[in-house]
Amino acid sequence: MANREELDDLDRTVISMLTEDGRLSASEIAGRIGNVSERTIRNRIAGLLQNRHIVIGAIPDPTASSRDVQADLWIDVEPGKVDEVAAQLGEYDEVGYLAAVTGRYTLTAAIFFNTNAELFEFTENVIGKIPGVRKVVTHMILRMYKIYGTRTTALSQQSASASGTARRARRTT
């Protein structure tokens, strides 16, 4: 990799493979690609990590954990306060995703809690009291199918159910 901005086809392939399974070893990736050495892949992964093109970690499946209350928040922030509000919100483990957006609201966040009471407490008494926050709109997530490129157990169950239905339909025709 030449610098932070430049990614070549090999980098993109490595990122794609790690996106599908972050546990893949350099030797497994090299073997799947076929014309590149394990050492090259190790060096590419190290460069991608060093230049912050990727972060390797675990994404918890909120549908499989005890965090049954999931919501998307749309947050209206005073001009000039977005980075300050985002820095404060980014410190909370309950915030799984946080981004500045265009449109009517300034920030959006995905949050996860065990109970509705915890969600209410967080939106009213934490976010609602951050200086610069003008309004918080909460949208409850009823079922999450995919998170950050990863299928949740809900989508896996739906896919399995749909496949079974399709197989039964083919057998009856």
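Everything that follows concerns the structure shown earlier in this document.
How each quantity is defined
Residues numbered from 1 in each chain as written. Predicted model: local features only at pLDDT ≥ 70, side-chain atom pairs only at ≥ 80, totals over all residues. Heavy atoms only, no water. Buried < 20%, exposed > 50% of the residue type's maximum accessible area, 1.4 Å probe, protein only. Helix = DSSP H or I, 4+ residues; strand = E, 2+ residues; numbered from the N terminus. Arc of directions from axis to C-beta. Contact = heavy atoms within 4.5 Å. Core = buried A, V, L, I, M, F, W, Y, C linked by side-chain atoms within 4.5 Å. Pairing = 2+ DSSP bridges. Axes fitted to C-alpha atoms, helices over the stretch in contact; angles between N-to-C directions.

Participant: Quick question: what am I supposed to make of helix α5 (residues 116-125) here?
Facilitator: Along α5, the positions that sit buried rather than exposed are Leu119, Phe122 and Thr123. Each buried residue of α5 sits inside an arc of 90 degrees when the element is viewed along its axis, so together they form one side. Opposite its buried face, α5 presents the exposed residues Ala117 and Phe120, each directed more than 90 degrees away. For α5, the secondary structure elements touched by its buried residues are β1 (69-77), β2 (95-100), β3 (107-113) and β4 (133-141).

Participant: Honestly, the nonpolar core in this entry has me stumped. Any pointers?
Facilitator: For soluble globular proteins, nonpolar side chains are generally found buried alongside one another. Within the largest apolar cluster, 17 residues are counted, with the highest numbers of intra-cluster contacts made by Ile75, Val85, Leu89, Ile111 and Ile127. Secondary-structure elements contributing two or more residues to this core are β1, α4 (82-89), β3 and α5. With 5 residues, β1 is the single largest residue contributor to this core. Every residue in contact with Val85, bar those within four places of it in the chain, is listed here: Val77, Leu107, Ile130, Pro131, Gly132 and Val133. Counting residues in each nonpolar core, the second largest holds 13 residues, with Ala26, Val36, Ile45 and Leu48 among its members.

Participant: How should the sheet that holds β3 be read in this particular structure?
Facilitator: By definition, the strands of a sheet pair up through backbone hydrogen bonds, in either a parallel or an antiparallel sense. In spatial order, the strands read β2-β3-β1-β4; together these 4 strands make up an open sheet with antiparallel pairing. Looking at the sheet topology across the chains shown, the edges are occupied by β2 and β4. Neighbour to neighbour, the strand axes of the sheet diverge by 20 degrees on average, direction disregarded. Taken together, the 7 bridges between β1 and β3 define a ladder with antiparallel strand orientation. Bridging across to β3, Ala71 finds its partner in Ile111. Lying on the sheet, α5 is in contact with β1, β2, β3 and β4; it crosses β3 at an angle near 145 degrees.

Participant: Help me understand the environment of Leu89 in this model?
Facilitator: Within the secondary structure, Leu89 is located in helix α4. When its relative accessible area of 1% is taken as the criterion, Leu89 is described as buried. Sequence separation of Leu89 and Ala109 is 20 residues, and the distance between their C-alpha atoms is 8.8 Å. Contacts of Leu89, omitting those with residues within four sequence positions, involve Ile75, Val95, Leu98, Leu107, Ile127 and Ile130.

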